[in-house]
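# Coordinates in review
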Amino acid sequence: MLTLIRFIKNWTLPISMGIGALVYLIFYYVPALDTLSQKLAPTFDTILPLFMFLILYVTFCKVNFKKLLPVRWHFWASLFQIVLVAAIVGVILYFRIGGKELILLESILACVIAPCAAAAAVVTLKLGGNLEQMTTYTFLSNLLCALLIPICFPLIEPASEFTFWTAFSLIMQKVCLVLVVPMLLALLTKSVPQLHRFHQWLIHIPDLSFYLWGCSLMIVTGTTLKNIFHAQSGIGFLLLIAFWGLLLCLMQYAIGRYIGRFFEASIEAGQALGQKNTAFAIWIATTYLHPLSTVGPGCYILWQNIINSIEIWKRGKYKA
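Residues numbered from 1 in each chain as written. Predicted model: local features only at pLDDT ≥ 70, side-chain atom pairs only at ≥ 80, totals over all residues. Heavy atoms only, no water.

## Let's talk about the overall build of the chain
Note the threshold: Where helices and strands are cited, they refer to DSSP runs of H or I of at least four residues and of E of at least two residues respectively, numbered from the N terminus. We compute the radius of gyration from the C-alpha atoms alone; for a globule the expected value is 2.2 Å times N to the 0.38, where N is the number of residues. For every residue, the accessible area obtained with a 1.4 Å probe (protein chains only) is divided by the maximum for its type, and the residue is called buried under 20%, exposed over 50%, and partly exposed between those limits. For this analysis, residues touch if any pair of their heavy atoms sits within 4.5 Å. Residue burial considers only the protein chains on display, and all accessible areas are found by Shrake-Rupley using a 1.4 Å probe.
In terms of helices and strands, the chain carries 14 helices and zero strands. Listed N to C, the secondary structure of the chain is α-α-α-α-α-α-α-α-α-α-α-α-α-α in terms of helices and strands. Relative to the globule expectation of 20 Å for 320 residues, the C-alpha radius of gyration of the chain, 20 Å, shows essentially globular dimensions. Based on the C-alpha atoms only, the size of the chain along its principal axes is roughly 60 × 55 × 40 Å. Per-residue burial over the chain gives 47% buried out of 320 residues. When contacts within the chain are restricted to residue pairs at least 6 apart in sequence, long-range pairs at least 24 apart make up 82% of them. Carbon and sulfur atoms make up 71% of the accessible area of the chain, which totals about 16,200 Å².

The following block contains the structure:
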C-alpha cells in the first residue's frame with residue numbers, strides 16, 4: 001500500500017493525463033455517450049477556471065508578499081523569450097513563409113510567446129524552489145506577453161482586425177481574473193485575524209495545490225485530445241507539430257536551467273521558461289493565428305507535464 005501511495009505521489013501528473021485521455025477516448029468511440037458528452041461540456045468549461053482559481057489561491061496563501069521582488073534571472077529569462085520571439089517572427093517575415101510552414105512556425109511561436117504557467121509556482125514549490133521568485137516572474141511574464149502579442153501578431157497575420165490597445169486590454173483582463181483576483185483574496189485571508197485559523201489549516205494540507213492541478217490536468221488533457229482529433233489535417237503534419245513542440249519544450253527547460261545556474265535558481269528559471277500557460281497559448285492561437293496552430297500548445301502541455309513528472313520523481317528519489 002505504501003509503495004502504491006508513493007507511486008501515485010511521484011507520478012500524479014501522468015496518471016492525471018492518462019485518466020483524462022482514457023475518459024475522452026471512451027466518450028469519443030462510444031456513440032451512445034454523445035448526448036451525455038454535449039451536456040457535460042459546459043460543466044467542464046466552468047470547472048476548469050474554478051480549479052485554476054483555487055490552485056492559485058491556495059498557492060498565494062503560502063507566499064510571503066514582502067518578498068515579491070524582481071531578481072536578476074528574471075531579466076535574463078525575459079530577454080531570452082524576447083530574442084526567441086523576435087527570431088521566429090523575423091524568419092516568417094524575411095522568408096515570406098506561408099502554407100503549412102507558416103502554421104508550424106505559428107504553433108512554435110504560440111508556445112514561446114505564451115506566459116509562464118500559473119501552475120509553475122506549484123511545481124516549483126514541489127521541487128523545493130523559491131515560491132516568491134516564481135510568483136513574481138509569473139506576473140512579469142504575463143505583462144511581457146501582453147506587450148509582445150499586439151506587436152508581433154499583426155505582422156504575421158495582417159488581416160487580423162485588432163489594435164494594440166484592444167489586444168493589450170483584453171489580455172490584461174484575463175491576467176487580472178487569473179492572477180490578481182486570487183492573489184488579493186489570498187492577501188485578505190492572510191491579513192484578517194478572524195481567518196487566521198482557516199489560513200493555517202489551508203496551508204498545512206500537504207500538496208493541496210499540486211493535487212488540484214492534477215485534477216485540472218485531467219480536463220486539460222481531454223480538451224487537448226479533442227483539439228487534436230478534430231484538427232483538419234493529416235496525421236503526418238500533426239506528428240511534425242508534436243515533434244517540434246517536444247524539441248521546443250526540452251530546449252526551453254534546458255536553457256532556463258542553464259540561466260538559473262548562474263543565480264542558484266536552476267529550478268525556478270527552468271520552470272519559468274519551460275512551463276507555459278498552454279490554455280492561454282491555445283486561446284491566443286485561436287483568436288489571432290491559424291486555427292490549426294492550436295495543436296502546438298495542445299501537444300506542449302503533454303510534454304511539459306511529462307518533464308515535470310520526471311523531475312518530481314527524481315526529487316522524491318533524492319529525498320528518499
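## Re the confidence of the model for the chain
Under the convention used in this document: For every residue, the predictor assigns a confidence score, pLDDT, that lies between 0 and 100.
In this model, the chain carries a mean pLDDT of 86, and residues with pLDDT of at least 70 account for 95%. Taking the mean pLDDT of every element in the chain, the minimum, 70, falls on helix 1 (residues 2-10) and the maximum, 96, on helix 12 (residues 266-274).

## Topic: the state of the cysteines
Convention followed: Note on terminology: pairs of cysteine sulfur atoms within 2.5 Å are recorded as disulfides.
Here the structure, examined in full by the defined rule, presents zero disulfides. Considering cysteine sulfurs only, cysteine 145 is the nearest to cysteine 152, which forms no disulfide, with 10.0 Å between them. Cysteine cysteine 249 remains unbridged, with the sulfur of cysteine 111 as its closest cysteine sulfur at 8.6 Å.

## Notes on unusual backbone geometry
Backbone geometry places aspartate 207, a non-glycine residue, at a positive phi of 55°. Judged by its relative accessible area of 28%, aspartate 207 falls in the partly exposed class. Positive phi, close to 55°, is recorded for glutamate 264, a residue that is not glycine. Among the secondary structure elements, glutamate 264 is positioned in the loop between helix 11 (235-261) and helix 12.

## Here's the deal with the pattern of salt bridges
Put simply, the rule is: A pair is scored as a salt bridge if a Lys or Arg side-chain nitrogen falls within 4 Å of a carboxyl oxygen belonging to Asp or Glu.
Under the counting rule described, the total for this entry stands at two salt bridges. Of the charged contacts in the structure, one is a salt bridge between aspartate 207 and lysine 126, with a shortest N-O distance of 2.7 Å. Of this pair, aspartate 207 sits in the loop between helix 9 (196-203) and helix 10 (208-229) while lysine 126 sits in helix 6 (residues 120-126), placing them 81 residues apart in sequence. Residues arginine 257 and glutamate 311 are paired through a salt bridge, measuring 3.0 Å at the closest nitrogen-oxygen approach. One end of the pair, arginine 257, is in helix 11; the other, glutamate 311, is in helix 14 (residues 295-319), with 54 residues separating them in the sequence. Judged by relative accessible area, which is 29%, arginine 257 ranks as partly exposed.

## Side note on the packing of aromatic side chains
Basically, it comes down to this: To pair, rings of Phe, Tyr and Trp, with the six-membered ring standing in for Trp, must have centres within 6.5 Å; the planes then decide the type, stacked if under 30 degrees apart, edge-to-face if over 60, and tilted in the middle. Two conditions define a charge sitting above a ring: the NZ of Lys or the CZ of Arg must be within 6 Å of the ring centre, and it must be within 35 degrees of the ring normal.
One pass over the full model with this rule turns up 15 aromatic pairs. Through pairs of rings, three or more aromatic residues link up here, namely Tyr24, Tyr28, Tyr29 and Phe229. For lysine 100, the ring lying beneath its charged end belongs to phenylalanine 237, and the centroid distance is 5.2 Å. Above the face of the phenylalanine 210 ring, lysine 126 is positioned so that its terminal group lies 4.9 Å from the ring centre.

## Observations concerning the nonpolar core
Under the convention used in this document: As used in this record, nonpolar core signifies buried Ala, Val, Leu, Ile, Met, Phe, Trp, Tyr and Cys residues forming a set joined through side-chain atoms within 4.5 Å.
Core analysis: the biggest nonpolar cluster contains 87 residues, and Trp73, Val85, Leu109, Ile113, Ile149, Phe153 and Val295 have the highest contact counts within it. With 11 residues, the top contributor of residues to this core is helix 7 (residues 131-156). If we ignore the near neighbours within four places in the chain, the residues touching valine 295 are Ile228, Ala231, Leu238 and Ile241.

## Concerning the packing of helix 7 against helix 13 (residues 278-288)
How we decide: Helix axes are fitted to C-alpha atoms over the stretch in contact, other axes to C-alpha atoms as well, and angles between N-to-C directions run from 0 to 180 degrees. Each angle receives one of four descriptions, namely roughly parallel if under 35 degrees, roughly antiparallel if over 145, roughly perpendicular if within 65 to 115, and oblique otherwise. Two helices cross in a left-handed way if the nearer one is turned anticlockwise from the farther one by less than a right angle. They cross in a right-handed way if the turn is clockwise.
Running from N to C, helix 7 and helix 13 cross one another at 25°; their axes reach a closest spacing of 12 Å. It follows from the interaxial angle that helix 7 and helix 13 lie roughly parallel. As for the relative orientation of helix 7 and helix 13, their crossing is right-handed in sense. When helix 7 is examined against helix 13, the residues Cys145, Ile149 and Phe153 are found in contact with a partner set consisting of Phe280, Ile284 and Tyr288.

## Thoughts on the UniProt feature "transmembrane region" (unreviewed entry) in the chain
Inclusion rule: UniProt positions are given in the numbering used here, feature names are shortened, and annotations may be inferred rather than shown by experiment.
Under the UniProt annotation, the feature "transmembrane region" (unreviewed entry) is placed at residues 12-30, 42-61, 73-97, 103-125, 137-156, 162-189, 210-229 and 235-255. Secondary structure across residues 12-30 divides into 95% helix and 0% strand, with the first and last C-alpha atoms of the span separated by 27 Å. Spanning residues 235-255, this segment combines 100% helix with 0% strand, and its end C-alpha atoms are found 30 Å apart.

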